[in-house]
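Breakdown of the fold
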Amino acid sequence: MGFGSSIILVYIGLQVLGEIIAPKDPSAWKEKDQWLIFDSINGLTISGPGSFDGNGKPWWDLSCKLNPTTTLRIQKCNGVYLQNLHFKNSPQMHLIVYGSSDVYMTSLNISAPDESPNTDGIHIGSSHGVSVRSSIIGTGDALLSSETICDDCISISDHTSKISVSDIRCGPGHGISIGSLGKGGEEVSVSNIDVKNVDFYGSTNGARIKTWQAGRGRVSQVLFSNLKFTAVKNPIIIDQYYCDVRGACPKTETGVQISDVHYQMASGTSSTKVAINLNCSENVPCANINLDTIKLESANEGEELISSCNNAFGATEGIVEPKSCLQ
């Protein structure tokens, strides 16, 4: 179902009071890659207290990669306000913001059960001036499942800038991710990302940046601050060797330049030994990485945590535990 046209429409207001439920049978979907889309609208408000139920289980039983289906897509819109809404059980991503600007999202509740694959909470791409605040997102049980059975609370993809994320409860799921970026050798451009006041609970990752070896371009001016981790597998992670099939991606001579990334005021527990993992490209090392007042402990009694760095350059301020490995 689509709203909008090639002519930019001026202001649409929609209040959802009840529950909007998707068809149970995937064959009933007219648009296979999305359920609801708002396209080319200048001034859009969608408010609750209602909910969207994507009825995702029949899709999860199929291949999610061959059947990528989104509950709500905001595309080529300007001046968007989403508030007090509940999204659940999307076939794949719950909410996509693409090619849009000045988008404000607050008081969202996004959920999917353990067996839901690739059900990102919010995915932001090719957009500028996007804010996500005061929301609860849990998409799958990362502690009980493999890498493919849950996905990011919030994912930030290519050609994005001025993104603000704050006051979020994230988990279970894959955390808050910048990426993955550069899969097909694209020129990456991501900057001015501010993620703060996030409580990660039982997630696979916390604050993550992930790029493919084939990528080019730059990720810069990123701030992760005031983070709380509870039994998170990878609380702080940069992975420049990301691959959807571990070990299957060929080595390249390229890489995305990651620089000016700051981690400030982070505390809590890691469920794995390596709590800070900065695995940067040997072709384009990470530069100006800053660790400032980090205090992480093991969720496993008696285990001592470590940091792991490859080709990561930067500095530390204040107390950093486990001890920094930055060069």
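All of these numbers come straight from a predicted model, not from anything done at the bench.

Concerning unusual backbone geometry
Note the cis peptide between G171 and P172, where omega equals -5 degrees. You can see P172 is positioned in the loop between β12 (160-170) and β13 (176-181). Across the junction of E321 and P322, the peptide omega takes the value 5 degrees, indicating a cis bond. Checked against the element boundaries, P322 lands in the segment after β22 (312-321). One non-glycine residue, N84, lies in the positive phi region at around 55 degrees. Mapped onto the elements, N84 comes out in strand β6 (residues 78-88). By relative accessible area, which is 41% here, N84 ends up partly exposed. Of note in the backbone geometry, N192 takes a positive phi value of approximately 60 degrees without being a glycine.

Some points on the state of the cysteines
Scanning the model with the defined rule gives four disulfides in all. Across the disulfide, C243 is cross-linked to C249 (sulfur-sulfur distance 2.0 Å). A torsion of 85 degrees about the S-S bond marks the disulfide between C243 and C249 as right-handed. With relative accessibility at 26%, the residue C249 sits in the partly exposed group. In this model, C309 is linked to C325 through a disulfide, with the two sulfur atoms separated by 2.0 Å. With the S-S dihedral at roughly 70 degrees, the linkage between C309 and C325 falls on the right-handed side. Placement of the pair is C309 in strand β21 (residues 306-310) and C325 in the segment after β22, with a sequence separation of 16 residues.

Observations concerning the pairing of β12
Summarising the sheet, strand β10 (residues 128-139) and β12 pair through eight bridges and their orientation is parallel. In the sheet register, I137 faces β12, and the bridge partner there is C170. Here nine bridges tie β12 to strand β14 (residues 187-201), and the two strands are oriented parallel to one another. By the bridge assignment, I163 is partnered in β14 with I193.

What about the side chain of S100?
With respect to the element layout, S100 can be found in the loop between β7 (95-98) and β8 (101-112). A distance of 3.2 Å separates a polar side-chain atom of S100 from the backbone nitrogen of K76.

Considerations on the packing of aromatic side chains
All chains considered together, the criterion is met by five aromatic pairs. Ring geometry for F200 versus F229: centroids 5.3 Å apart, planes at 15 degrees, classification stacked. One end of the pair, F200, is in strand β14; the other, F229, is in strand β16 (residues 216-232), with 29 residues separating them in the sequence. For the pair F200 and F229, a shared accessibility class is recorded, and that class is buried. Between F224 and Y263 the ring centres are 5.4 Å apart and the planes differ by 10 degrees, which places this aromatic pair in the stacked class.

Criteria and cut-off values
Residues numbered from 1 in each chain as written. Predicted model: local features only at pLDDT ≥ 70, side-chain atom pairs only at ≥ 80, totals over all residues. Heavy atoms only, no water. Helix = DSSP H or I, 4+ residues; strand = E, 2+ residues; numbered from the N terminus. Buried < 20%, exposed > 50% of the residue type's maximum accessible area, 1.4 Å probe, protein only. Disulfide = S-S within 2.5 Å. Pairing = 2+ DSSP bridges. Polar contact = N/O pair within 3.5 Å; in protein donor to acceptor, adjacent residues only side chain to side chain. Phe/Tyr/Trp six-rings, centres within 6.5 Å; stacked < 30°, edge-to-face > 60°.

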